[in-house]
Amino acid sequence: MQIKDLKKTFAALFGDGEVQLFFAPGRINLIGEHTDYNGGYVFPCAITKGTYALAARRTDRNIRMYSMNFPDYPIISFDLEDLTFAEKHDWANYPKGMILKLLETGYDISSGVDVLFYGNIPNGAGLSSSASIELVTGVMLEHLFHLSIDRVDMVKLGQKVENEFIGVNSGIMDQFAIGMGRQDHGILLDCHTLVYEYAPLHLENDTLLIMNTNKERTLASSKYNERREECESALRDLQNYIDIKTLGALAPKEFEELKEHIKNPVTARRAAHAVHENQRTKLSLKRLKEGNLQGFGQLMNESHVSLRDDYEVTGTELDTLVEAAWKQEGLIGARMTGAGFGGCAIAIVKSDKVDAFRKKVAAHYKNIVGYEPSIYEAKAGDGAKRLTGEVVIQ
Ligand code: GLA
């Protein structure tokens, strides 16, 4: 797919408008999983694949949207005055929710738009295609209507779309990574204070891989909300003994001393993951700064074990993929990434071993699971922005 193809499709669907092009990436999380809504640290990066939006202002109050990723849906059309969630609008509820949140915040979207979306991250693969379409909608409206939107505010509005419009009680990580990403950098973010730091990813002789299980993330949102409630329940038990606002405020040692007060053994394991994962995430940056990539990889592996055994969000597909990765020559570290329940894992592998790694992991996975995974290189890219000049879709 190239930009000229998008332009042709736009013209065929909407006529010859004065179009502008926008992009928002997907994201992977290097480490710090299920810590964001627990007030802990995350360490994601934006990737170079994501969602493109080609858009033009209209003179009336009508919004018309089409996604090349959902060709079974016709052009979806609604007025700026009717921004209610509609089951039949399916994927378009994400951009619709973003328009609503911007209007509710007081931004002046003075007319309708025609917009064509095209994404090259797979939907539902856990690379945040939904946050990507939210943020591309945000930058699109920001430019088309000359709004001045603080980027972190835009990120927070994206999270509100998920929480209040879609009904997933997700944290801030995805929208933050997608809104604030920087080429060749990860972002260490304290989700309690939103203080963040960019960390250069020096992977000179190593390669970062995305390994997609190609398993659809069914039931992901209900299980996700359930994990969040389990953590909140553990926190309430602990609050009878210590004055904390989030699990992220607890050092591992404090947690170990207090954990017996958590009444339910299942919620205690969920909390154990949140606390120790938070510690691993903080340590990760330290190891990267020391140039200790191997040590960083070790923390990735420990993160997966904790997500598998204590948080229980991996499942056969992710475990098969990651456990096969651990056995390969040249492996630095591998773990699931994102919410889990299917979706993607990541691995850092010595570059000269990548070809053999891909073949062996894919063959093993197919043998056990019955179908192929997709394994490809990931590069840390920039956050959501307007694109000008010569643009090549990667
Ligand atoms: C999803 C959510 C994020 C985060 C991760 C798990 O991607 O949207 O907020 O909680 O899961 O780390």
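Conventions adopted
Residues numbered from 1 in each chain as written. Predicted model: local features only at pLDDT ≥ 70, side-chain atom pairs only at ≥ 80, totals over all residues. Heavy atoms only, no water. 1 Å grid on protein atoms, 1.4 Å probe; cavity = no way out; pocket = protein on both sides within 12 Å on 5 of 7 lines; lining within 4 Å. Points joined across faces, edges and corners; volume = space filled by probe spheres on them. Helix = DSSP H or I, 4+ residues; strand = E, 2+ residues; numbered from the N terminus. Domains from an automatic or database assignment. Contact = heavy atoms within 4.5 Å. Buried area = accessible area lost by both parts, 1.4 Å probe. Salt bridge = Lys/Arg side-chain N within 4 Å of Asp/Glu carboxyl O. Pairing = 2+ DSSP bridges. Axes fitted to C-alpha atoms, helices over the stretch in contact; angles between N-to-C directions. Buried < 20%, exposed > 50% of the residue type's maximum accessible area, 1.4 Å probe, protein only.

## With respect to the layout of surface pockets
Step number 1: For the largest pocket, the calculated volume is near 1300 Å³.
Step number 2: Lining the largest pocket are 50 residues, with Tyr94, Gly124, Ser129, Ser130 and Arg217 positioned closest to its centre.
Step number 3: Every element with two or more residues in the lining of the largest pocket is listed here: helix H2 (93-105), strand E5 (113-119), helix H3 (129-144), helix H4 (151-166), helix H5 (173-180) and helix H6 (220-239).
Step number 4: Residue assignment places the lining of the largest pocket across two domains, with domain 1 (3-201 + 381-387) and domain 2 (206-378) each supplying three or more.

## Things to note about the domain arrangement of the protein
Step number 1: Domain boundaries in the protein define domain 1 (3-201 + 381-387) and domain 2 (206-378).
Step number 2: Just the C-alpha atoms count here: the centres of domain 1 and domain 2 sit 26 Å apart.
Step number 3: Every contact between the two is made by 34 residues of domain 1 and, on the other side, 41 residues of domain 2.
Step number 4: Between domain 1 and domain 2 lies a buried interface of about 3000 Å² when both sides are counted; carbon and sulfur atoms form 65% of it.
Step number 5: Looking only at domain 1, the three residues that lose the most surface to domain 2 are Ile31, Glu33 and His34, adding up to 22% of its buried area.
Step number 6: Counting across the interface, domain 1 meets domain 2 through two salt bridges.
Step number 7: Where Glu33 meets Arg335, a salt bridge forms, and the shortest distance between an N and an O atom there is 2.8 Å.

## Notes on the sheet that holds strand E9 (residues 331-337)
Step number 1: Ordered by their spatial adjacency, four strands build an open sheet running E9-E10-E8-E11, and the pairing between neighbours is antiparallel. With one partner strand each, in any of the chains shown, E9 and strand E11 (374-377) form the two edges of the open sheet. Strand-to-strand, the axes of this sheet are offset by a mean angle of 20°, without reference to chain direction.
Step number 2: With six bridges joining them, E9 and strand E10 (residues 344-350) adopt antiparallel strand pairing. Bridge pairing in E10 links Leu331 to Val349.
Step number 3: Packing of helix H11 (residues 354-369) onto the sheet brings it into contact with strand E8 (206-212), E9, E10 and E11, and relative to E8 it is tilted by some 20°.

## Quick word on the pairing of E9
Step number 1: Most of E9 sits inside the fold, with seven of its seven residues counted as buried.
Step number 2: Where E9 hands over to E10, the hairpin turn is made up of six residues, of which Gly338 adopts a positive phi near 90°.

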